[in-house]
Amino acid sequence: MDLNSANNLVLQALSHATSQDTAVLKPAEEQLKQWETQPGFYSVLLNIFTNHLLDVNVRWLAVLYFKNGIDRYWRRIAPNAISEEEKNSLRAGLITNFNEPVNQIATQIAVLIAKVARLDCPRQWPELIPVLIESVKVQDDLQQHRALLTFYHVTKTLSSKRLSADKKLFQDLTSGIYSFTCSLWNHHTNTFLQLVYTGDTVAAMNSLERTNLSLKVLRKLTVHGFIEPQQNVEVMEFLSAIFGRLKQFLECCTHVIPEHNCREKLEKTIILYTKILLDLLDYHPVSFIPLIQRSLEFAVSYVFTEAGKGILFERFIVQCMNLIKMIVKADSYKPAKNIEDSNSETLEAHKIKTSFFTYPTLTEICRRLVSHYFLLTGEELAMWDEDPESFAVEEAGGDSWKYSLRPCTEVLFLDIFHSYSQTLTPVLLDMVHSLHQPMIAEDMNQLLIKDAVYNAIGLAAYELFDCVEFDQWFKEQLLGELQIKHNRYKLIRRRVIWLIGQWISVKFKSELRPLLYEAILNLMQDSDLVVRIETATTLKLAVDDFEFRTEQFLPYLESIFSLLFQLLQQVTECDTKMHILHVISCVVERVNTQIKPYVGCLVQYLPLLWKQSEDHNMLRCAILTTLIHLVKGLGAESKNLYPFLLPVIQLSTDVNQPPHVYLLEDGLELWLATLENSPSVTPELLRIFQNMSALLELSSENLRTCFQIVNAYVFLSATEFLQNYAVSLCQSFCDLLKDITTEGQVQVLKVVEVVIKVNPMLGPHVFQPILPSVFRGVIDGERYPVVMSTYLGVIGRILLQNPSYFSSLLSEMAVECHQEIDHLLGSLIEMWVDRMDNITQPERRKLSALSLLSLLPSNNNVIMDKFCGIINICVEALHDVMTEDPDSGTYKDCMLITHFEEPKLIDDEEPPSEQDIRKKMLALKDPVHSVSLQQFAYEKLKAQKQLIGDQNFQPLMETVDTEIVNQLQEFLQGL
C-alpha cells in the first residue's frame, strides 16, 4: 500500500466508518477489514492518528484499528503478519513524539505501545525504555505526562508476563530503572505537597497526576520485579516511606483541598499506596514481615481509635481492614502445631502479631467493630423506610453492597474472632448480657446497638456453639422480642429472626421447631416488608435444614404458604421476587405431595409472572425452578399445568430462541420432571421433542439430561415416541458416536439398551445403523470395560428378547466380516465368556446368563463347543442373584419381581413418581426380573439333554469343571 496514495483513501474510509448512517458505515467497515492485511496499512493509520489537525473521531478510530491489528498480525507466525521492515518503522514512529493533546487518544496510544512492548521488548525494541526515561525527564508538561503514562502501561504489561524467561527479563529491567523511578516519585510527590500548601490547586493536581503514574509504575516494579524484595535496600526504603506519605496525603485530603474533584484524586492516590502494601503481602508475605508492626499500628490507629476521626473515607477504611485481615489470616505467619517445624520467618511474624494483638487491643477492635461499624447508618435507615425492597436486597448481599464497608467489616470481625476466639468470646457475651432486657422502643441508639450485637452473635454462631445456650435464649427472650409490635422495634424483630436463621443449623433443638414456625407465621403478617422478607429467608433455612420434619411443619403449611404467595405478589423488584420464589421452591420441595391442596393461587399467578418477566431471564430461571418442584409435588396432577408448562419448556429448550442461553439447564430439568410425572403422553408433549436434535448437536454439559429425557419418553410411550422420532433420534446418535468421549458413548448406548428393553421388537430396527459397530466392538474385544459391558448389554437384550433379529444381525455381520455364521457366533460367545468380568452390575450379569442359555437346546457344533463357557457364566450369575432361605435351605432368585407393591414411605421420603411406577411395571415383563435364572437354567439343560440324549449329554457336562458342576447342582437341587 503506497503511503501517499493510500492516505486519503484510508482517511475517507475512517471518516465514513464514524458515520451514524449504516448505508455509509457498513461499506467503510468492509473496506477497512479488507485493508487489514495489506502491507503499509498500519503505517497509514500511524500517520493519521498522529496528525493532530484531523477530526478526533477519525483519529480515535485509527488508533483502535491499529491496536486490534497488533493482536492479529504483529506476531511473526501470524497469518498475513506485518513485515519486519514495516514493524521497525512503526516502532520508531510510535515513540517519536509524546505530545498527544487528547487524553482518551493518549491512553489508547500508551496501551498499544504496551501491546507491542509485550511482544518485542527488550529484544526487538531495546530503545523503548531509554526513550521513555529521557522523555519523562523533559520540562514540557504534556510530553512528560504522556511519556509517564506510556511508561506505566509498558511496565504494567511487561509485569503481567508469567513465563520464567519473561519474569527474568522484567527483573533485569526493574534493576535498571528502579532507582530512577523512586527519585521520580519522590520529586513529583514533594512538588505536589509544596504546591498544595501554596494554594496553587491547578498545578498541584497536575503534579498529583504524575505522582500517581510514577507510583503505579513503582507498584508493578516492587511487586513483580524482585524475587526477594526485602533483600533490596531501595525497595525497603520505599515501602517504609509509604506510611509517612500516607499520613501526609490523609492530612492534605482533609484540611487543604476541599474541592470534590481534587479530593477524589487524592483519595485514589491514598488507595494506591494501600494497594502496594496489600500486593506485597499477597505476593511476598516473607518480605512483608518487617512491615507487619507498622502496618498494624497504622491501620488500627486510623480505623479503631480517635486518630482517624474526620480523616477517614470508606474505601480507605476497607483497605485498612483488608490489610489487618490478610495479616491475621496469612498462613505464612501461623506456626505449625509443633513449633520446631516452623521456620524462623514464620516464628518472627507470629511473635510480632502476638505482641501487637494484646487483650486491650483485641477488646477495643471487637467493641469498635460491633458498636461503631456494625451500626445501621442514617442513610440505611432512610433507605429501609423509603425503599424497603432495595434495602432487603442489599442487606442480603446485592451486587452494589459487596463493594461497601459493611461486608468487609463483618469479614474482618469473623476472621479476628476465629483467630482469637478465647479472648473475644467473653467480650462479646458481655455485650449480649448488657442487652438482656427488651429495649425502650423510643431509644433508637440502644436499638441500633442491640441490632449490631445480635448481628455479631449470628455471624459468630459456629464459634460460640459451646458458649451460648441458644435454645434457652430463644424461649426466654428472643420469642418475646419478636412479639413487640412498636414500629421502631422492627429493627430488632428483623434482626432476631435473622439471628435464629444463623443458629438453626448450629444449635437448635428439633422440639422447638413448632414454636419457630408459629413465630414465622406471625412475622409473615408483620406490618414491615423488610421483616417479612427476612422471615421468608429464615423459613428457607429452617425447611432446608437436616433436622427438618414435615409432620412438624404441616399444621402451619397452608397459612405460611398463603402468606408467601401474598408476599410474592406484593414485592416488585426482580431480585426480591426471585428470592421469594426460591423460598417457595424450597418449601414445595420439602413437603412434596403435601403441597397439592395449597398451590392453586400460585399456579394461576405464575403465567402472569412469566409474561411480566420477559426481559428478566434470571427471574425466569427462578420460575422454572419453582415449576420443577411444583411438578414433582403435584405428580400426575401436573398434567393440568400443560397449557402453561409446555410452551415454557418449548421456549426454554429451543436453541433458536435467544433466552435459551439462560434458561436451557433449568428448562431441561423441568422437561424431565414433567415427563417423569406425566400419567400419559399427549400430542403437545410429543411435539416438544422436535427441540432435541439441535440439543444433541450441542454435545454440551446438558447431554446427560437430554439422554434422561429420551429415556423418559421411551418409558412413557415407546411406540408412539419411536413412530414419530425414531429416524431423527438414530441419526443424532450416529452423529454423536462419531465424536464423543468414552463416557458419552456409554450414555448413548445405555439409551439404546433401554429402548430395546422396553420395545424389543421395534427397538433393534430403530437403531439398526448403530448395532453393527456394537457387534464389532464385542468381537474385536473393546478395551474399555465399561463400554464392553454396555455392548454386551445391548447384544444380550437382542439375543434374549428378539432372537430372530439377532439371527439376521449375525448373518449381516458374517457377510461384512467375510466369515461363516457359526464361526462368528463362536467368536462372540468366546469373547463374552472372556469379558464377563467387565460386567459389574448384577442385572447385566444375569442378562448375560439368560441370553447365552437361550441358545440352548441346540445341536450346533459351535454352541456345543462353547457349552462349558455358557455354564461357567450361568453359575457365576447364579452366585450373584441366588439367596438361601435359612428356613428351608433352598435357593431363590432375589431379582424376581412378581407383583407391584406400593412402597411404604419412611419419614420424609418422596413418593414414587409416575415414571417410577412405569419402571416397576416394566420390570414385571423384563426377563431379568420375571424369569428365574435357576428355573431357566434347569429347563434349558433338561431340554438339551432331551435333544441330544443321555449318552451325548453326559460327555458334554464333563467338559465343565467338576467344582462348577457341583455348584450348579447345588443351585438346581429341588427342581
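Residues numbered from 1 in each chain as written. Predicted model: local features only at pLDDT ≥ 70, side-chain atom pairs only at ≥ 80, totals over all residues. Heavy atoms only, no water.

Turning next to the overall build of the protein chain. On a plain count of helices and strands, the protein chain comes out with 48 helices and 2 strands. For the protein chain, whose C-alpha radius of gyration is 38 Å, the value lies well above the compact-globule estimate of 30 Å for 975 residues. Dimensions of the protein chain, computed from the C-alpha atoms along their principal axes, are close to 120 × 85 × 70 Å. Counting all 975 residues of the protein chain, 54% fall into the buried class. Look at the contacts in the protein chain between residues 6 or more apart in sequence, and 74% of them connect residues 24 or more apart. Taking the 85 positively charged and 120 negatively charged side chains of the protein chain as two groups, their mean positions are separated by 4 Å. (Helix = DSSP H or I, 4+ residues; strand = E, 2+ residues; numbered from the N terminus. Rg over C-alpha atoms; globule rule 2.2 N^0.38 Å. Buried < 20%, exposed > 50% of the residue type's maximum accessible area, 1.4 Å probe, protein only. Contact = heavy atoms within 4.5 Å. Lys, Arg positive; Asp, Glu negative; His and termini not counted. Charge placed at Lys NZ, Arg CZ, Asp CG, Glu CD.)

The next point concerns a positive patch on the surface. Together, Arg75, Arg118, Arg162 and Lys167 line one region of the surface with positive charge. Its location among the elements puts Arg75 in the loop between helix H4 (56–73) and helix H5 (84–94). According to the relative accessible area criterion, Arg75 is partly exposed, its value standing at 45%. (Patch = residues over 30% accessible without salt bridge, like charges linked within 9 Å, V, L, I, M, F, W, Y side chains within 5 Å. Areas by Shrake-Rupley, 256 points an atom, 1.4 Å probe, with all protein chains shown as cover. Salt bridge = Lys/Arg side-chain N within 4 Å of Asp/Glu carboxyl O.)

The next thing to look at is the side chain of Glu100. Looking at the secondary structure, you find Glu100 in the loop between H5 and helix H6 (103–120). Separated by 3.0 Å, the side chain of Glu100 and the backbone nitrogen of Val102 make a polar contact. Leaving out residues up to four positions away in the same chain, Glu100 has contacts with Phe49, His52, Arg59, Ile105, Ala106, Ile109, Leu142 and Arg146. (Polar contact = N/O pair within 3.5 Å; in protein donor to acceptor, adjacent residues only side chain to side chain.)

With an omega of 5°, the peptide bond running from Cys121 to Pro122 counts as cis. The residue Pro122 is located in the loop between H6 and helix H7 (128–137) in this model. Across the junction of Leu856 and Pro857, the peptide omega takes the value -5°, indicating a cis bond. By secondary structure assignment, the location of Pro857 is in the loop between helix H41 (842–853) and helix H42 (861–865). Notably, Asn80 is not glycine yet its phi reads approximately 60°, a positive angle. With respect to the element layout, Asn80 can be found in the loop between H4 and H5.

In this section: the nonpolar core. Judged by nonpolar contacts, the single largest core of 354 residues is most densely connected at Phe413, Trp671 and Phe733. With 19 residues, helix H34 (residues 703–738) is the single largest residue contributor to this core. Setting aside chain neighbours within four positions, we find Trp671 in contact with Ile649, Thr653, Ile688, Phe689, Asn691, Met692, Leu695, Ile709 and Tyr713. (Core = buried A, V, L, I, M, F, W, Y, C linked by side-chain atoms within 4.5 Å.)

Moving on: the pattern of salt bridges. Counted according to the given criterion, the structure contains 37 salt bridges. A salt bridge links Asp545 to Arg513; its shortest N-O distance comes to 2.6 Å. In this pair, Asp545 is assigned in the loop between helix H25 (529–543) and helix H26 (550–570) and Arg513 in helix H24 (residues 513–523), connecting sequence segments 32 residues apart. Accessibility expressed as a relative area gives 9% for Asp545, which makes it buried. Several salt bridges converge on common partners, so that one network encompasses Asp451, Arg494, Arg495 and Glu534.

Here Thr150 is to be found in helix H8 (residues 141–159). For Thr150, a relative accessible area of 3% corresponds to the buried category. Through-space distance from the C-alpha of Thr150 to that of Phe775 is 67 Å; in sequence the pair is 625 residues apart.

What follows deals with a nonpolar patch on the surface. A cluster of nonpolar residues, Met618, Val661 and Tyr662, forms a patch on the protein surface that exposes about 340 Å² of accessible area. Along the chain, Val661 falls in helix H31 (residues 660–676). Owing to a relative accessible area of 61%, Val661 belongs among the exposed residues under this scheme.

Attention shifts here to the packing of aromatic side chains. According to the stated counting rule, one finds 39 aromatic pairs in the structure shown. Ring geometry for Phe374 and Phe413: centres 5.5 Å apart, planes at 65°, overall edge-to-face. Of this pair, Phe374 sits in the loop between helix H16 (359–373) and helix H17 (378–386) while Phe413 sits in helix H19 (residues 405–419), and the two are 39 residues apart along the sequence. The class of Phe413 is buried, set by a relative accessible area of 2%. Judged by centre distance (5.0 Å) and plane angle (70°), the ring pair of Tyr517 and Phe553 falls under edge-to-face. You can see Tyr517 sitting in helix H24 and its partner Phe553 sitting in helix H26, a full 36 residues away along the chain. (Phe/Tyr/Trp six-rings, centres within 6.5 Å; stacked < 30°, edge-to-face > 60°.)

This next bit is on the packing of H19 against helix H21 (residues 444–459). The N-to-C vectors of H19 and H21 enclose an angle of 55°; their axes lie 10 Å apart at closest approach. What the angle tells us is that H19 and H21 run oblique. Every pair of crossing elements has a handedness; the one defined by H19 and H21 is right-handed. Counted together, Glu410, Phe413 and Leu414 of H19 and Asn455, Ala456 and Leu459 of H21 form the full contact between these two elements. A per-class count over the contact of H19 with H21 returns 4 nonpolar, 1 polar and 1 charged. (Axes fitted to C-alpha atoms, helices over the stretch in contact; angles between N-to-C directions. Parallel < 35°, antiparallel > 145°, perpendicular 65-115°, else oblique. Left-handed = near helix turned anticlockwise from the far one by under 90°. Nonpolar A, V, L, I, M, F, W, Y, C, P; charged D, E, K, R; others polar.)

Across all of its chains, the model carries 0 disulfides by this definition. In this model Cys320 remains outside any disulfide bridge; the closest cysteine sulfur is found in Cys408, 9.7 Å from its own. (Disulfide = S-S within 2.5 Å.)

With respect to the helices, strands and loops of the structure, Pro27 is situated in helix H2 (residues 22–35). Residue Pro27 is classed as partly exposed on the basis of its relative accessible area of 47%.

Turning our attention to helix H3 (residues 41–49). Most of H3 is tucked away, with 8 of its 9 residues classed as buried. Residues of H3 that are buried include every one of Phe41, Tyr42, Ser43, Val44, Leu45, Leu46, Ile48 and Phe49, and no others.

A word on the packing of H21 against helix H23 (residues 490–504). In the contact formed by H21 and H23, the axes pass within 9 Å of each other and the chain directions differ by 10°. The angle between H21 and H23 places the two elements in the roughly parallel class. Touching Met444, Leu447, Leu448, Lys450, Asp451, Tyr454, Asn455, Ile457, Gly458 and Leu459 of H21 are Leu491, Ile492, Arg494, Arg495, Val496, Trp498, Leu499, Gln502 and Trp503, all from H23. Looking at side-chain class alone, the contact of H21 with H23 contains 12 nonpolar, 3 polar and 4 charged residues.

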